[in-house]
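Chain residues, written in single-letter form:
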Amino acid sequence: MKSLIEELKSIGNSRRLSFSDDFYYSADEKTIMGELPFKEILFLDYRDTEAGSNPREYNGLKKTNKSILTSLLAHTEMFRFLHSGIIVSLTDTMVSNKHIIEYGDCCLTNGNQTRFLVLIIILLKIFSEEKSLTGITQKEFNTFLKSNFSDSQKILTLLQRVTYSKVSQALNFLKRNNKYLKNFNEMNLNSFANSKVRIQINLIDPILSELEEKLDEYSVGTLIAVANNDTQNVRVDDIFGNKYKTELGTYIFKTFIKQKKDKVRIEYRLGEIIDKVDKVHILTLLRPIIATGILTKEKKIFEYTNQRAPIYKLFEKLLRNKDKAIKTIETISKLSLLLYDIRKTYVEPLLDLQRKNFLREYKGKAIKGDLEDTIINKQISSSGGNEEEIEKIIRPYVNYNVEHIFPVLVYRVRKIIKEEDSSGKMVFPLSKDKTPEFFKALIEVIYRKYIETKLKGLPTSLTTFVRSKEFYEIGEETYVALKHSYSLEESNYIEDNRYLIG
Amino acid sequence: MKIARVLEKYERFENNIEDLIRYAQEIIADLPYERKIPSKQKQMLLESLLLRACALWESFIERELIVSINLDPSQLITKFDLPEKTNPNIRLTRAIVFSDSFRDFHDIDRSMSFFKEVIVDKLNPFKKITRIQKEKIIFAYKIRNYLAHYSEFSKIKLFRAYQREPYKYRIFLEPGKFLLKQKGRHFEELVNNFKMASIQMRTIFK
């Protein structure tokens, strides 16, 4: 077993692919096709390398991955005929003979799910050779990885993606399916590691040399990776985040990154940050910007609530016009930090507390008979005053989606956001001891209306309601009252820095 | 006393309880703009707030007992063998009720059987308290008694209650620790129960 582990590590640490047979090498030297043993693909890089970045992380035992897993277990010999194969982009390649390619950087652009499944099977098999898989714990599994692979940082980095939860998904699947468990138990590890998968290789440097458009290796590799994944079920978030990572970091999130440094890391692709650090997804930072109206007409603000694709499109256009919109981009960069801080410091905790308050309040109302004109009246009557039942009925109406409420709050307060004269920092111009009360009052009124609208019965869907002008008008009176009582002044700051796209 | 005024008192009590819960929850939540408070201090605070909630409850039911009797004193007159024509006001009712012996309202079962003797059935709000609410009140008072005395007897009583459904604890927990569990869920449940009992009680006037 030790010798196999050593062999796997040696392959993983090398920058070389060794084919089972002669491969096809196109005359223009841009393409290579052939077949590789599984052991060759286990630790191929796939993200943020010079050869590009694959937008998809391993997403666990979803439907397609389950089929790949069963196919790997039941038809290992046939696998290369059943599977369309993997695609890889390589830079700085050197082809010495028709069996071996040496390279500088690698990006596994297609087949990442398959690779992780093969890797999980091999790891479980190695583990099972020494210890029983029954009752395997997270600690045991992590110790196993560390004790066998800790001498290679490159391999360990990739193994961090094989979290215990993902491994136990596969294990539970085997436990529930005797047929595949038998396949797994009877499998010969060496012959599995030498089973073949078809591979296409895009050689980035020759491809690049003949392109008219000026692109670098990373852009070409990522372009290929995104296109390879386009027909698959890849999240729009991951495609956008992957493609614009550099520009987002340089322009849109510049202030955020500078201020937060490593305290809060931005996640450009969902699930990419697995370290135990505070993280924020790009969409969480981009969405509230829309509510300020700095990029769109008023009616579009409402329409874009809780949306994904149109928001990415908007920012895509903004980045394309960055030369003309540099002032707006700078403002957005500051805004995203301020709005994030407001969300984390005030909105999320206050909403959480308010939800508990409302749950108690509406439970009391239900018992008092104050919810007779709501759509849950019948359910409440038939609960016979049972508090637990009543809570179950009420809970979905009191629950909230922060992405529904936060944009309305931002829309409400956007005119009092301003730039501090001295530092150029964007601020919410209220002292720290008064700010919680300010947001508390506004949140309560917006949230209450949100619940009451749901309880009255929505004429359309909740999504349509939260994208309506009517919803965005909630809290106007409270805002005016608060503005006067705290002597706050509105400014044209957002308007002056606007760049209309949508 | 008019029903509207009676209901106002209920509301005041419910608001007082709600204030206690909100205050506790803000402290428990470790709000980012507030100073973080160590768990030990939070536990002490929750214990004090539970004692306060019990005190509010006792003063509330004492008042409601008198008010309910006063709405129709016929049962009181029978119980205390008073002249039939007696028409006591609130102060007199209180004097009669508390004249014969010391009364506290720590034991909800004992209290309720007394209430049944002195309040006419159709105006007895206490009979509206549900079985589950009563059980929670009994449990809250086990904590209250332990906190008030720290006696071995009260500790054993509380431990036995911990061991039963729904908690099923095997070891004894100091009340503060118990109340703080799950971001103060036990505290909220027990204290809000006083409010829910009040809401249930006032349905007698519907």
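Because the structure is predicted, anything quoted here is derived from the model rather than measured.

Undergrad: Looking at this structure, I do not really get the overall build of chain B. What am I missing?
TA: Across its full length, chain B holds eight helices and zero strands. In sequence order, chain B lays out its α and β elements as α-α-α-α-α-α-α-α. When the backbone C-alpha atoms are referred to their principal axes, chain B occupies close to 60 × 40 × 25 Å. Looking at chain B as a whole, 33% of its 206 residues are labelled buried.

Undergrad: How should I be thinking about unusual backbone geometry in this particular structure?
TA: It is generally the case that most residues other than glycine have a negative phi and that most peptide bonds are trans. A cis amide bond links B:Glu165 to the next residue, B:Pro166, at an omega of -5 degrees. Mapped onto the fold, B:Pro166 is located in the loop between helix H7 (152-163) and helix H8 (175-201). The backbone phi angle of A:Ser487 is positive, close to 50 degrees, even though this residue is not glycine. One can find A:Ser487 in the loop between helix H26 (476-485) and helix H27 (493-496). Residue B:Lys183 is not a glycine yet carries a positive backbone phi of 55 degrees. Relative to the assigned elements, B:Lys183 resides in helix H8.

Undergrad: Can you walk me through the environment of A:Ser14 in this structure?
TA: Residues and elements named next belong to chain A. With respect to the helices and strands, serine 14 occurs in the loop between helix H1 (2-13) and strand S1 (16-18). On the basis of neighbour counts, which here come to 14 C-beta atoms within 10 Å, the residue serine 14 falls in the partly exposed class. Considered as a pair, serine 14 and tyrosine 103 are 89 residues apart in the sequence and their alpha carbons are 9.3 Å apart.

Undergrad: What is the right way to look at the nonpolar core in this model?
TA: General note: in soluble globular proteins, nonpolar side chains tend to be found buried as a group. Counting residues in each nonpolar core, the largest one holds 172 residues, and the members touching the most others are A:Val88, A:Leu409 and B:Leu50. In terms of residue count, helix H19 (residues 326-368) of chain A provides more of this core than any other element does, 14 residues in total. Beyond its immediate sequence surroundings of up to four residues, A:Val88 is in contact with A:Leu44, A:Cys106, A:Cys107, A:Leu108, A:Thr109, A:Ile199 and A:Ile201.

Undergrad: What is the right way to look at the domain arrangement of chain A in this model?
TA: Reports often express the size of an interface as the amount of accessible area lost when the parts come together. Residues and elements named next belong to chain A. Along its sequence, chain A is carved into domain 1 (2-233), domain 2 (237-320) and domain 3 (341-496). Between the C-alpha centres of domain 1 and domain 2 there is a distance of 30 Å. Opposite the nine residues of domain 1 that make contact, domain 2 presents eight residues. Split by residue class, the side of domain 1 that touches domain 2 holds two nonpolar, four polar and three charged.

Undergrad: I would appreciate a short explanation of the sheet that holds strand S4 (residues 86-90) of chain A in the present structure.
TA: Within a sheet, neighbouring strands are paired by backbone hydrogen bonds and run either parallel or antiparallel to one another. Residues and elements named next belong to chain A. Taking strand neighbours across the sheet as the criterion, the five strands line up as S2-S3-S8-S4-S7 in an open arrangement whose pairing is mixed. Of all the strands in the sheet, just strand S2 (24-25) and strand S7 (106-110) have a single pairing partner and so form its edges. Pairing between S4 and strand S8 (residues 196-203): five bridges, direction parallel. Bridge pairing in S8 places valine 88 opposite isoleucine 201.

Undergrad: Just to check I follow, could you spell out the interface of chain A and chain B for this structure?
TA: The interface is formed by 16 residues belonging to chain A together with 17 residues belonging to chain B. In terms of residue count, H19(A) provides more of the side of chain A that touches chain B than any other element does, eleven residues in total. Residue composition of the side of chain A that touches chain B, grouped by class: five nonpolar, five polar and six charged.

Undergrad: I keep staring at the pairing of S8(A) and nothing clicks. Help me out?
TA: Regular strands show a simple pattern: their side chains alternate between the two faces of the sheet. Residues and elements named next belong to chain A. The element S8 is largely enclosed, with a buried count of six among its eight residues. For strand S3 (residues 31-37) and S8, the ladder comprises seven bridges, and the chain directions are antiparallel. Along S8, the bridge assignment pairs proline 37 with lysine 196.

Undergrad: How should the packing of helix H6 (residues 131-149) of chain B against H8(B) be read in this particular structure?
TA: What describes two packed helices is the angle between their axes and the distance between those same axes. Residues and elements named next belong to chain B. Relative to each other, H6 and H8 sit at 130 degrees, their axes nearing to 10 Å. One way to sum up the angle between H6 and H8 is to call them oblique. Of the two elements, H6 crosses H8, and the hand of that crossing is left-handed. In this structure, H6 uses Gln133, Lys136, Ile137, Phe139, Ala140, Ile143, Tyr146 and Leu147 to contact H8, whose residues at the interface are Pro175, Leu190, Asn193, Met196, Ala197 and Gln200.

Undergrad: What am I meant to see in the sheet that holds strand S5 (residues 94-97) of chain A here?
TA: Residues and elements named next belong to chain A. In space, the three strands of this open sheet follow the order S1-S6-S5, with antiparallel pairing throughout. Because the sheet does not close on itself, it has two edges, and the strands there are S1 and S5. When the angles between neighbouring strand axes are averaged without regard to direction, this sheet yields 20 degrees. Strand direction decides the pairing type here: S1 and strand S6 (residues 100-102), joined by three bridges, are antiparallel. Paired with arginine 16 across the bridge in S6 is glutamate 102.

Undergrad: What am I meant to see in the environment of B:Leu50 here?
TA: Residues and elements named next belong to chain B. Along the chain, leucine 50 falls in helix H2 (residues 39-71). Placed 136 residues apart in sequence, leucine 50 and histidine 186 show a C-alpha to C-alpha distance of 11 Å. Non-local contacts of leucine 50, meaning those with residues more than four positions away in its chain, are made with Ala140, Ile143, Arg144, Leu179, Phe187, Leu190 and Val191.

What counts, and at which threshold
Residues numbered from 1 in each chain as written. Chains lettered and ligands numbered in written order. Predicted model: local features only at pLDDT ≥ 70, side-chain atom pairs only at ≥ 80, totals over all residues. Helix = DSSP H or I, 4+ residues; strand = E, 2+ residues; numbered from the N terminus. Buried ≥ 20, exposed ≤ 12 C-beta atoms within 10 Å, placed from the backbone. Core = buried A, V, L, I, M, F, W, Y, C linked by C-beta atoms within 7 Å. Contact = placed C-beta atoms within 7 Å. Domains from an automatic or database assignment. Nonpolar A, V, L, I, M, F, W, Y, C, P; charged D, E, K, R; others polar. Pairing = 2+ DSSP bridges. Axes fitted to C-alpha atoms, helices over the stretch in contact; angles between N-to-C directions. Parallel < 35°, antiparallel > 145°, perpendicular 65-115°, else oblique. Left-handed = near helix turned anticlockwise from the far one by under 90°.

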